[in-house]
Amino acid sequence: MSEHIPSILDRDTLPELVPAYEKTRRERTAIDALAGFLEGRLARLFRPIYQRKIRGLLVHAEAIREDLGSLGDDELRAQTREAGGVLRRNGLSDKATMSRFLALLSEVSTRTLGLTPHPVQLEGVRVLLDGKLLEMATGEGKTLVAGLAAAAAALCGMRVHVVTVNDYLAARDADYIKPAMDFLRLSLGVVVKESSLARRIEAYACPVCYCTNNELAFDYLKDSLQSQAQGRLSERVFSRFYQKSARRIKGLEFAIVDEADSVMVDEARTPLILSEGIDRVIDDEVIERVMVYTQQLEPGEDFIVDHLRWSVVLTDACQQKTEGDFAQVTDGPLLLKVLRQELIIQALCAHYLYKPNEHYLVRDEKVEIIDEYTGRVMPDRVWSAGLHQMIEYKEHCPLTEPRLTVARITYQRFFRRYRKLAGMSGTVAEVSNEFWNVYGLAVYKVPTHKPCARKILPGQVFQSKTQKWQHLVRRVKDIHNSGAPVLIGVRSVAAIEEVCESLSSAGLHFETLHAANDEHEAETISKAGQRGKITVATNMAGRGTDIALGPGVDALGGLHVIMTERHDSGRIDRQLKGRCARQGNPGSFEIYQSLEDPLARLIKPRFLLNIARFGLTKNASRFASYLLAKAQLKLERQHSKTRESLLRSDHSEGDLLAFSGEPE
Ligand SMILES: Nc1ncnc2c1ncn2[C@@H]1O[C@H](COP(=O)(O)OP(=O)(O)OP(=O)(O)O)[C@@H](O)[C@H]1O
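Treat the numbers as computed from the prediction; the structure is a model and nothing was measured.

## Thoughts on empty space enclosed by the protein
Counted according to the given criterion, the structure contains 3 cavities of 30 Å³ or more. In terms of lining, the largest cavity is formed by Gly 489, Val 490, Arg 491, Asn 539, Met 563, Glu 565, His 567, Ile 572, Asp 573 and Leu 576. The element best represented in the lining of the largest cavity is helix α20 (residues 570–577), accounting for 3 residues. Its residues assigned to classes, the lining of the largest cavity shows 4 nonpolar, 3 polar and 3 charged.

Right, here's the structure in full:
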């Protein structure tokens, strides 16, 4: 069984191809938006009352904590477990027990991890236990908050899944909190890609399990598929075929989603598809024929590449032309007009939209997808509906076999199945409405523990990439000479190569971190904050990575982050910004862009023509920076629409494709 990323051929990512469906979407959007708006207003109205309640609780907790130092370890453990038991019986609104419980947890953290949670962190723990979305600035210690909240919930009798974006973070965060869990005698499970079935079953059965969103949702899909099969087959036949595959997940009780915006918003654009067996319709011959045919089509004349919607639109003339060109076909998918045109669009996407080292890597004659949000390779994930094979054909790799879809779910539907759901992120402001409308999660923002000392330097826009790289090298040289470490954030592996070439030719030494060399990730990150270090990284270094400053770096102004291009989503840019000036440390940030960056494709050509003619003056550069920010906003809105329509189609096709039963 393998896991698929749907291609643009999948109906839900291309709503414009389905006009009737579009109409339903618009009708429902108005009603939903109104309901969501009213609910959201009500939640906002009660926020100050909730805030007062929680802060009062913390004052009590702080007072209690001072007396806990004299408790022996056994006594501390017994009292913490007992307080959890009382809350389980009385509910989380028992104020006196809750204050004591938070104070006890804080003491456990001090003794086992050497970290005394700041008041804002305890506030965060309480907010998570209430099933809300916690907005806490980058670097403020969310890992500790999630760990303590998970321990607290487990002591209150809930089975908790702490969900994070990648295997590295799942394993690292579980390791981080393990001493506290061991102290409280709570078993801790970790599920990563390599985990065997037996390990998964064991880990999910633990009171607290750290896992990635991907593994969790696919395990859930596999369980659901299995329980469907169980429903269809007689007990005897079922046990013969499925005896080795016991159910993995014991129930969806409480999920705490770290980097919630990435998991529940960004990744929600892509439904998860489980596939099995071979799709015999789109065979190698069809792939070859369509790929060769589309090579002779002319951009602009036969088709238009739409970067905003990430699709290709065939012109009327081209549609007529294909009729004639394929008139001789007597069987197969190319016989049917609709399927033929979709395959042609797919092939054009393979040729013109998907780029090596940006969207995928070619390694050992295999095409591996790069996750655009995390910058990581997603091994074993493939695009569906023949797109993967088309890209393999384009890259001269042996063609793999297209698979048939057997089950599908979106993150929106999956996470809503939990009895209780909470999340955390440093960057949720722009998507707070979406969280409320889709997941019913209200956002609660906590202040920073210490004032933020980040310096934002004025950015610059250049006419060409070459100018941008030249300026970058000059700037990096200056900072490097001062001794401060620099982190250069780039968007793709392809861009890393360009930066590296420029830095190398200037005689600068640097480390790189990207999808193709992620095995050294921990080592690279651990050195990135040392004196004189230069690190070039894709957005792999953007989330969850804590870059510790080396000795003496504080006095040099801390870590300096340079972003070399805007991402499609502003939140990802802010994550990169959040690598510097953490926990009250010094640090600075600046951004360099060029009018050859992918986002510039969304700027009106007239402006670009004028710039080409008259050059980029200081004022024009400022205006270009504004236009690039606006283009990013436009893309964000487009992605939000895609997610909205995906959720709707998921509802309408739910009975057919996704599974509604819980694997219990
Ligand atoms: N109460 C505390 N006292 C001292 N140090 C702390 C405390 N809480 C967390 N830290 C430290 O702060 C650093 C940042 O923590 P962490 O990586 O959890 O932040 P984060 O909010 O998850 O950041 P990001 O949003 O970038 O993922 C870590 O080195 C962590 O050990």
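## Some points on helix α13 (residues 337–352)
The first and last C-alpha atoms of α13 sit 22 Å apart over 16 residues, in line with the 22 Å expected at 1.5 Å per residue. Those residues of α13 that fall on the buried side of the exposure criterion are Arg 340, Gln 341, Leu 343, Ile 344, Ile 345, Gln 346, Ala 347, Leu 348, Cys 349, Ala 350 and His 351.

## Remarks on the site of the ligand
Around the ligand, 20 residues are found, and the nearest of them are Gln 121, Thr 143, Asp 546, Arg 579 and Arg 582. One of the side-chain nitrogen or oxygen atoms of Lys 142 is found 2.9 Å away from an oxygen atom of the ligand. One of the side-chain nitrogen or oxygen atoms of Asp 546 is found 2.5 Å away from an oxygen atom of the ligand. Protein chains shield 84% of the accessible area of the ligand, which is 640 Å² for the free molecule. Looking at the shell around the ligand element by element, the count peaks at 3 residues for helix α5 (residues 142–155). Its residues placed into classes, the shell around the ligand shows 5 nonpolar, 9 polar and 6 charged. Residue contributions to the shell around the ligand reach at least three from each of two domains, namely domain 1 (2–275 + 411–445) and domain 3 (453–594).

## Regarding a negative patch on the surface
Residues Asp 283, Asp 284, Glu 285, Glu 288, Asp 331 and Glu 401 make up a contiguous surface patch of negative charge. With respect to the helices and strands, the residue Asp 283 is situated in the loop between β7 (272–278) and α11 (284–295). Residue Asp 283 is classed as partly exposed on the basis of its relative accessible area of 33%.

## Describing the confidence of the model for the protein
Looking at the protein, the pLDDT average stands at 82 and 86% of residues meet or exceed 70. Contacts from residues 4–28, a stretch scored under 50 in pLDDT, to residues over four places away or in other chains number 60 contacts. Overall, residues 653–664 carries pLDDT values under 50, and its contacts beyond four positions in sequence, including any with other chains, amount to 32 contacts.

## Focus on the sheet that holds strand β2 (residues 133–135)
The pairing of strands in a sheet comes from backbone hydrogen bonds and takes either a parallel or an antiparallel form. Strand order in the open sheet formed by 7 strands is β4-β5-β3-β6-β15-β2-β16, and the pairing between neighbours is parallel. Both outer strands of the open sheet, β4 (188–191) and β16 (443–445), are each paired with one neighbouring strand and no more. If you compare each strand with its neighbour and ignore which way they point, the axes differ by 20 degrees on average. Bridge count between β2 and strand β15 (residues 420–425): 3 bridges; the pairing is parallel.

## Describing unusual backbone geometry
Backbone geometry at Asn 357 places phi at a positive 65 degrees, although glycine is not the residue there. Accessibility expressed as a relative area gives 22% for Asn 357, which makes it partly exposed. One non-glycine residue, Glu 365, adopts positive backbone phi at about 60 degrees. Position of Glu 365 among the secondary structure elements: in the loop between β10 (360–363) and β11 (366–370). The exposed category is assigned to Glu 365, whose relative accessible area is 53%.

About the thresholds
Residues numbered from 1 in each chain as written. Predicted model: local features only at pLDDT ≥ 70, side-chain atom pairs only at ≥ 80, totals over all residues. Heavy atoms only, no water. 1 Å grid on protein atoms, 1.4 Å probe; cavity = no way out; pocket = protein on both sides within 12 Å on 5 of 7 lines; lining within 4 Å. Points joined across faces, edges and corners; volume = space filled by probe spheres on them. Helix = DSSP H or I, 4+ residues; strand = E, 2+ residues; numbered from the N terminus. Nonpolar A, V, L, I, M, F, W, Y, C, P; charged D, E, K, R; others polar. Expected span 1.5 Å × (residues − 1). Buried < 20%, exposed > 50% of the residue type's maximum accessible area, 1.4 Å probe, protein only. Near = heavy atom within 4 Å. Polar contact = N/O pair within 3.5 Å; in protein donor to acceptor, adjacent residues only side chain to side chain. Areas by Shrake-Rupley, 256 points an atom, 1.4 Å probe, with all protein chains shown as cover. Domains from an automatic or database assignment. Patch = residues over 30% accessible without salt bridge, like charges linked within 9 Å, V, L, I, M, F, W, Y side chains within 5 Å. Salt bridge = Lys/Arg side-chain N within 4 Å of Asp/Glu carboxyl O. Lys, Arg positive; Asp, Glu negative; His and termini not counted. Charge placed at Lys NZ, Arg CZ, Asp CG, Glu CD. pLDDT = per-residue confidence, 0-100. Contact = heavy atoms within 4.5 Å. Pairing = 2+ DSSP bridges. Axes fitted to C-alpha atoms, helices over the stretch in contact; angles between N-to-C directions.

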